[in-house]
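Chain by chain, the residues run as shown.
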Number of protein chains: 2
Amino acid sequence: MSQFIQAARRCATVLGATALLTLPALSATAHANDGYRIWLRYVSVHGAWLHRYRRSASELVPGRARSPTLSAATEELERGLSGMLGRPVPSEPAITRNGAIVLGTPHGTPLLRSLHLGLRTLGKQGYVIRTLQIHGHRVTVIAGNTDVGVLYGVFRFLRQMQTRQPLEPLAIASRPKIRHRVLDFWDNLNGSVERGYAGDSIWKWRELPEYLSPRYIDFARACASVGINGVVLNNVNASPWIVTPLYLAKVAALANVLRPYGIRVYLTVPFSAPITVGKLSSADPLDPAVQAWWRTKVAEIYRAVPDFGGFLMKADSEGEPGPENYGRTQAQGANLLARALAPYHGIVMWRAFVYSTNPHSEDRVRQSYDIFKPLDGKFDRNVIVQVKNGPLDFQPREPFHPLFGAMPHTHLMLELEITKEYLGQQTSLVYLGTLYEEVLRADTWARGPGSTVARVIDGSLYGQHDTAIAGVANIGSDRNWCGSIFNQSNWYVFGRLAWNPDASARTIAAQWVRMTFTNAAGFVRPVVRMMMGSREAVVDYSDPLGLASQMAGTHYGPGPWIAPSKHLPPDWSDTYYSRANAEGIGFDRTASGSDAVAQYAPHVAAEFASLKHCPENLLLWFHHVPWTYRLASGHTVWDSLVLHYVRGVAAVKRMRSTWRGLSRYVDPRRFQLTSAFLTIQLHEAQWWRDASIAYFHSISHLPLPPGVAPPPDSLKAYEAFCIPYLEGTPGNGAACPPDDAPVPR
Amino acid sequence: MSQFIQAARRCATVLGATALLTLPALSATAHANDGYRIWLRYVSVHGAWLHRYRRSASELVPGRARSPTLSAATEELERGLSGMLGRPVPSEPAITRNGAIVLGTPHGTPLLRSLHLGLRTLGKQGYVIRTLQIHGHRVTVIAGNTDVGVLYGVFRFLRQMQTRQPLEPLAIASRPKIRHRVLDFWDNLNGSVERGYAGDSIWKWRELPEYLSPRYIDFARACASVGINGVVLNNVNASPWIVTPLYLAKVAALANVLRPYGIRVYLTVPFSAPITVGKLSSADPLDPAVQAWWRTKVAEIYRAVPDFGGFLMKADSEGEPGPENYGRTQAQGANLLARALAPYHGIVMWRAFVYSTNPHSEDRVRQSYDIFKPLDGKFDRNVIVQVKNGPLDFQPREPFHPLFGAMPHTHLMLELEITKEYLGQQTSLVYLGTLYEEVLRADTWARGPGSTVARVIDGSLYGQHDTAIAGVANIGSDRNWCGSIFNQSNWYVFGRLAWNPDASARTIAAQWVRMTFTNAAGFVRPVVRMMMGSREAVVDYSDPLGLASQMAGTHYGPGPWIAPSKHLPPDWSDTYYSRANAEGIGFDRTASGSDAVAQYAPHVAAEFASLKHCPENLLLWFHHVPWTYRLASGHTVWDSLVLHYVRGVAAVKRMRSTWRGLSRYVDPRRFQLTSAFLTIQLHEAQWWRDASIAYFHSISHLPLPPGVAPPPDSLKAYEAFCIPYLEGTPGNGAACPPDDAPVPR
């Protein structure tokens, strides 16, 4: 804390002295690299690559089919090529020279019909990009079975140039492994965003349907560029207003904007909508009047939005109403909606994030499995149960959720968090590709080795077709969309892994860096390294060794001392999760404890349950161990815990110093933003380290490992420190009383 | 209402059918004319003007003095000239040719010292722009006594070009008539903005002091371009955190960014800060410990911000603490702070917006005068009492506040609202220049005829020097700053009238149009006409004939039926103000009523009190008249009321049709935004008209004037209609339960 506050306070003086001289250097141009164009910047190519690319992209042959989607694809290609090649590329009705680019579908473009493009196995969303000789010319064909396939192919082709890959010969064929690739917006109708750290909602409900901001189109382009094809417009803590006629008109207007980009719109609705909106006396899923109300409402929605995607539901969770209110199961609740949607091929994404905040419940992380596992096979075909990556709640690290692999007769989808609710929120640099990769590659052993989470959700493990993946969006009204430049990489990697869950987080990071900043190797290499290590850094300085939920109530900064109280149920406290006491630390989830480990397949359960085989980075998730327990490294748990905190801070320091050495590669605006945020993150990491060490030391009473300095402030000071206003602080109230303490040491 | 809802609901269908075809036309370019550059666009000049301007602006001679302010001035000139002239203008150490532009102060630039520029009477903020022959060259000199004067002169010179005025010969001399020209930000530290309709706060407290957004500089440029020289950073409903060390570091960082542009920073603090921040037991202004606390705190602030401007205080008002809590007067409260600030030449702006929400109080609009008038002469020299333009609260029309002219021994400043809290908020097109002009030109008769409000606040009436004017800002994080393009004109005109309260709202409107859009006469003329009539339109469709406060609790849309209740004090209701009953309508403020009219100087009081001489547009503010009372027009009050509503709607229709005819002059993006907003405003005006007529008809029971159609819905329907989410709807809750009613007729 000390450094954090000191640094903040010192700035009053420091800035007073220096800023007068340096400020005008911050050029005030309106349209500098402010991050708006994300990874679709299409900056000029120079040198040999320019020459090669111009030869391979000499003219466009977009065919005559003019659907909105094909228009969007053609415009994107024109925009990208003219930006990168420094001149417009002419469009021709037919191939006239080498380097022509033909785009379209076999259905709409006669020329393509006659070619053997290998599209048959690529489904409705796949595409091919192939170098061919046609009528004596060297030509690139970008083709899909549908218009949106062509659009995806165009973005893929542009990426080839953006990342300095050859344009010929190309023989690319790609299809998404997951069918529904969805962004969940936790956006409220009043414009605020739950767990949003990038300004307000991008949906301007007040202006809709009259005004359609061009920003919606740029959003859609960004999504299409990584294959995202669904958007849940509103918060899972839902307002019933969303399905009233007043709002459906707005929803329809948005759906119309997004449709050409292959994006379907979904909504979340409170389970109690038949009561609040329909004025019925019940929302019981078995009540025929309730069933009729949903049928009528769904019909009304499809009249407004003919390709409406369906509902995402948060029920019986954190105060939201649900089927439990009527003694019905989650399956009965989900099927109620599924049956109303089925005639229109709509789906229900039913969240498995259900738990009761019951002081007597033994282990919160058990609950979702205990509730849903027995319902396997009870859900209608068009229900997909949406399961968070881990059994708790988007922590820096959790083991994979035990439901994955455990419900062979149910469609399961994966819910990831793209917004960094628990990982530093707006300002920290954390690339989530490695977190996503970790869970996707986790082996459930449900059908023996190789039963990865990826294979559960891509349907290959159990032969399912209605597959889906969702990410809680980190997008807001901030000019740079995501609150920081590097936060954009998480939107990007989510989309790319949703398309192909077997892709490499490192490769994707490198491509994102090239597209977003520069292809210069001297920049790409260190920045990718920094990104690849960034998630482990935040684990190290906040929740190492399998700890979880050690943060303050704001989900920002440390709060390991937070204990249950009359106002705080145990599983919303921090001590509940650390279980730190005089003897040791960690949550015993083996047979001697909550036995949550038994929810995993036997092979996995045995590994997790074994002190010896349990991965060290999940140790305290599954085991309560003495402070002096020795890890494989030879360190005691206590020493190791402390050293992880120290290591996390050191990692952030390295990140900052890496970044500072790269100024010559980046425009000043994006450089300074990132640089300032890394400084904030360094303060944050130090605060985490110092507060955590102070707290756990007060429990373990063990000496610090050699060379580790004691926290500069007292535990009491860390406990008292509070950031009064963070995004999401409700109303105009501060989270804590004002603190006028003199500057600490 | 009917049309409003119908239109909204119909769009679901209409857009479904047509948007597929038209959407790609909304080009998705990132940096189109999105309004960010406001009136400082500096677009290329063409034709004869280009030739002339190039000749008159051939080189810059900025002198050697390199203060941050002079650097900003030089950069602005370079930016403006290169933009408008299509090529960079070289900077030279000395004059080398005709058309040179010399800028600086006599103090800093030896060349200027020898010239007789007439700067002596222009004070610290004035400037001259003069065409001179120097060393045989035709030269333009832009000079001030201080650097900031030069900066103001540069903006003035650029405006000359932006509005296509000749550059020579020039003999411009200008100085501000009011010393402190301040924007009040009602911005909360959590990023929300009270009565803000343009996104969140532009102050990114979370990122400060580490990150200084370039947007702060663009904000400062805009302010300096119209002479605004003070900014109150935070909401008058203040958080005590603002004066803690954590936040003072952030404030200092902002002050450093704004300083080069001549802008001083002010803060608002709760009067109870000695208790909440200082942990004292009292905030009594006569308590020596309280006085000492403020002295210490002010010293701390000045260490962080050496040119800190002072405090703006809202005390004893709408729940805010104040001196009344200790039985002290407003003067004692204000002087407490003034004495702490005096050693640093800081000022206190003490709001006169004080009233008790007391069900027994006879007339809310009397209170401010009754409280403050007796205190004339009791305030310290560095207190300025801040008085709203009217005695109620920023209504579409009010008479001027009776305190103006009534406190000869007190510094009085004028508080205007730039944000359109009561005038349609984000979407309506209302140019406030005419409202500001109306109050500035209002004659208080305090020292006989010509004792205008302008002369009270510019100090000329009573020979005062510490003069000030404030506007409640309409600026937020929206890309276009103000929520709409036309809202920018209100920021602009506020600054211009603050510099010169005798300037013409029409001239300023025309200049704004030219700078913001185009100089084409075919555009300027109709748009200025539209702007000049726009405020009267909103008066007509919402509060005609001197009515006030007839809006819903959200301050958006009609609510004339809102009556006092257990939860709503009388003076927060609407019926309290209309006083409509079977006999008639209007608030009797003559001697037979509340006698508020007696607060004005006798000449004015007599005019207002006379049914015959009272201006018709204030009739119902001062008089309760029978429905059948005949106005000068020959219409009864009832007929006239109805016809005003009808006229207001017709005016908005005309505005929309004017705008639609101008598409060839405006880029598509700004055109479509404005066009969509005018459609929203038309719905809003119709809703106001229909609901108001339905309500007052239920009281008067009189037939509608010939040719006026009855409201399409029942009064009950209008009363039930509610917009669930408007900017400022607290939390995630809706303002009203969901309404699933079928589409009305």
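Rules behind the numbers
Residues numbered from 1 in each chain as written. Chains lettered and ligands numbered in written order. Predicted model: local features only at pLDDT ≥ 70, side-chain atom pairs only at ≥ 80, totals over all residues. Heavy atoms only, no water. Helix = DSSP H or I, 4+ residues; strand = E, 2+ residues; numbered from the N terminus. Axes fitted to C-alpha atoms, helices over the stretch in contact; angles between N-to-C directions. Parallel < 35°, antiparallel > 145°, perpendicular 65-115°, else oblique. Nonpolar A, V, L, I, M, F, W, Y, C, P; charged D, E, K, R; others polar. Pairing = 2+ DSSP bridges. Salt bridge = Lys/Arg side-chain N within 4 Å of Asp/Glu carboxyl O. Buried < 20%, exposed > 50% of the residue type's maximum accessible area, 1.4 Å probe, protein only. Phe/Tyr/Trp six-rings, centres within 6.5 Å; stacked < 30°, edge-to-face > 60°. Lys NZ or Arg CZ within 6 Å of the ring centre and 35° of its normal. Domains from an automatic or database assignment. Contact = heavy atoms within 4.5 Å. Buried area = accessible area lost by both parts, 1.4 Å probe. Polar contact = N/O pair within 3.5 Å; in protein donor to acceptor, adjacent residues only side chain to side chain. Left-handed = near helix turned anticlockwise from the far one by under 90°. Expected span 1.5 Å × (residues − 1).

1. Digging into the environment of Arg-120 of chain A
Logical step 1: Here Arg-120 of chain A is to be found in the loop between helix H4 (110-113) and strand S3 (127-134).
Logical step 2: Separated by 503 residues in sequence, Arg-120 of chain A and His-623 of chain A place their C-alpha atoms 51 Å apart.

2. Looking at the packing of helix H20 (residues 637-660) of chain B against helix H21 (residues 668-700) of chain B
All names here are of chain B.
Logical step 1: Two elements in contact, H20 and H21, have axes whose closest approach is 9 Å; the angle formed by their N-to-C orientations is 170°. Classified by the angle their axes make, H20 and H21 are roughly antiparallel.
Logical step 2: Classifying every residue of the contact of H20 with H21 by side-chain character gives 15 nonpolar, eight polar and five charged.

3. A few points about the sheet that holds strand S8 (residues 264-268) of chain B
Residues and elements named next belong to chain B.
Logical step 1: Strand order in the closed barrel formed by eight strands is S6-S7-S8-S9-S10-S11-S12-S13, with parallel pairing between adjacent strands. Strand-to-strand twist of the sheet, defined as the mean angle between neighbouring strand axes without regard to direction, takes the value 25°.
Logical step 2: Bridge count between strand S11 (residues 383-388) and strand S12 (residues 411-417): five bridges; the pairing is parallel. What sits directly across from Ile-384, in S12, is His-411.

4. Looking at the pattern of salt bridges
Oppositely charged side chains can pair when the atoms bearing their charge come close.
Logical step 1: Following the criterion strictly, the structure yields 58 salt bridges over all chains and no others.
Logical step 2: Ionic pairing is found between Arg-397 of chain A and Glu-438 of chain A, a salt bridge with its closest N-O pair at 2.9 Å. Remark: Glu-438 of chain A occurs in helix H12 (residues 433-441) and Arg-397 of chain A occurs in the loop between strand S11 (383-388) and strand S12 (411-417); sequence separation between them is 41 residues.
Logical step 3: Looking at Arg-397 of chain A, the relative accessible area reads 4%, which means it is buried.
Logical step 4: Glu-168 of chain B is paired through a salt bridge with Arg-138 of chain B; the nearest N and O atoms lie 2.8 Å apart. A residue pair is termed long-range when its members are at least 10 positions apart, and Glu-168 of chain B in the loop between helix H5 (147-162) and strand S5 (171-174) and Arg-138 of chain B in strand S4 (residues 137-144) qualify at 30 residues.
Logical step 5: With a relative accessible area of 23%, Arg-138 of chain B lands in the partly exposed category.
Logical step 6: One connected set of salt bridges, linked through shared partners, spans Asp-34 and Arg-479 of chain A together with Asp-34 and Arg-479 of chain B.

5. Description of the packing of aromatic side chains
Logical step 1: Taken as a whole, this structure holds 90 aromatic pairs over all chains when the rule is applied.
Logical step 2: Each ring, one from Phe-185 of chain B and one from Phe-219 of chain B, has its centre 5.6 Å from the other, and the planes form 70°; the classification is edge-to-face. Remark: Phe-219 of chain B occurs in helix H6 (residues 214-225) and Phe-185 of chain B occurs in the loop between strand S6 (180-184) and H6; sequence separation between them is 34 residues. Here the two residues Phe-185 of chain B and Phe-219 of chain B agree in accessibility, since each one is buried.
Logical step 3: Taking the centre distance of 5.0 Å and the plane angle of 85° together, the rings of Phe-400 of chain B and Tyr-600 of chain B count as edge-to-face. On the criterion of sequence distance, the pair formed by Phe-400 of chain B in the loop between S11 and S12 and Tyr-600 of chain B in the loop between strand S14 (584-585) and helix H18 (602-609) is long-range, its members being 200 residues apart.
Logical step 4: Among the residues examined, Phe-400 of chain B registers a relative accessible area of 7% and is labelled buried.
Logical step 5: Of the residues examined, Tyr-600 of chain B reaches a relative accessible area of 7% and is grouped as buried.
Logical step 6: Through pairs of rings, three or more aromatic residues link up here, namely Tyr-36, Trp-39, Phe-185, Trp-203, Tyr-216, Phe-219, Trp-481, Trp-491 and Tyr-492 of chain A.
Logical step 7: The positively charged end of Lys-388 of chain B is found above the aromatic ring belonging to Phe-353 of chain B, 3.2 Å away from the centroid.

6. Thoughts on the domain arrangement of chain A
All names here are of chain A.
Logical step 1: In terms of domain boundaries, chain A breaks down into domain 1 (2-174), domain 2 (180-516) and domain 3 (517-566 + 640-745).
Logical step 2: Taking only C-alpha atoms, the centre of domain 2 and the centre of domain 3 are 29 Å apart.
Logical step 3: Contacts between the two partners involve 36 residues from domain 2, matched on the other side by 36 residues from domain 3.
Logical step 4: Roughly 3,200 Å² is buried in total at the junction of domain 2 and domain 3, and carbon and sulfur atoms are behind 63% of that figure.
Logical step 5: One can count two salt bridges joining domain 2 with domain 3.
Logical step 6: Of the charged contacts, one joins Glu-438 and Arg-535 as a salt bridge, the two residues approaching to 2.8 Å between their closest N and O atoms.

7. Focus on the pairing of S4 of chain B
Residue and element names in this part refer to chain B.
Logical step 1: When you tally the buried positions in S4, you get six out of eight residues, the bulk of the element.
Logical step 2: Taken together, the five bridges between strand S2 (residues 100-104) and S4 define a ladder with parallel strand orientation. Bridge pairing in S4 links Leu-103 to Ile-142.
Logical step 3: In the sheet, strand S3 (residues 127-134) pairs with S4 via eight bridges, with the strands oriented antiparallel. Opposite Tyr-127, over in S4, you have Gly-144 as the bridge partner.

8. Section: the environment of Glu-415 of chain B
Residue and element names in this part refer to chain B.
Logical step 1: Along the chain, Glu-415 turns up in strand S12.
Logical step 2: Along the backbone, Glu-415 and Gly-476 are 61 residues apart, and their C-alpha atoms lie at a distance of 19 Å.
Logical step 3: A polar side-chain atom of Glu-415 sits 3.0 Å from a polar atom in the side chain of Gln-386.

9. Regarding the side chain of His-644 of chain A
Residues and elements named next belong to chain A.
Logical step 1: Inspection of the secondary structure puts His-644 in helix H20 (residues 637-660).
Logical step 2: His-644 sits in the buried class, given a relative accessible area of 11%.
Logical step 3: If we skip the residues at most four places from it in the chain, His-644 touches Asp-540, Tyr-541, Pro-544, Leu-545 and Glu-616.

10. Description of unusual backbone geometry
Logical step 1: The peptide bond linking Leu-208 of chain A to Pro-209 of chain A adopts the cis configuration, its omega dihedral lying at 0°.
Logical step 2: By secondary structure assignment, the location of Pro-209 of chain A is in the loop between strand S6 (180-184) and helix H6 (214-226).
Logical step 3: Cis peptide bonds are those with omega within 30 degrees of zero, and the linkage from Glu-168 of chain B to Pro-169 of chain B qualifies with -5°.
Logical step 4: Considering the arrangement of structural elements, one finds Pro-169 of chain B in the loop between H5 and S5.
Logical step 5: Here Asp-316 of chain A, not a glycine, exhibits a phi torsion of approximately 50°, which is positive.
Logical step 6: Overall, the relative accessible area of 8% leaves Asp-316 of chain A in the buried class.

11. Notes on the packing of helix H15 (residues 505-516) of chain A against helix H16 (residues 521-542) of chain A
Residues and elements named next belong to chain A.
Logical step 1: Packing of H15 against H16 leaves a shortest axis separation of 9 Å and a crossing angle of 130°. One element, H15, and the other, H16, form an angle in the oblique class. When the axes of H15 and H16 are compared, the crossing they make is right-handed. Counting all contacts with H15, which are made through Ala-505, Arg-506, Ala-509, Ala-510, Trp-512, Val-513 and Arg-514, the residues of H16 involved are Phe-523, Val-524, Val-527, Val-528, Met-531 and Met-532.
Logical step 2: Considered class by class, the residues forming the contact of H15 with H16 number 11 nonpolar, no polar and two charged.

12. Section: helix H9 (residues 288-304) of chain A
All names here are of chain A.
Logical step 1: Between its first and last C-alpha, H9 extends 25 Å over 17 residues, near the 24 Å set by a 1.5 Å rise per residue.
Logical step 2: Along H9, the positions that sit buried rather than exposed are Val-290, Trp-293, Trp-294, Lys-297, Val-298, Ala-299, Glu-300, Ile-301, Tyr-302 and Ala-304.
Logical step 3: Capping the start of H9 is the job of one residue whose side-chain oxygen sits 2.8 Å from the backbone nitrogen of Ala-289: Asp-287.

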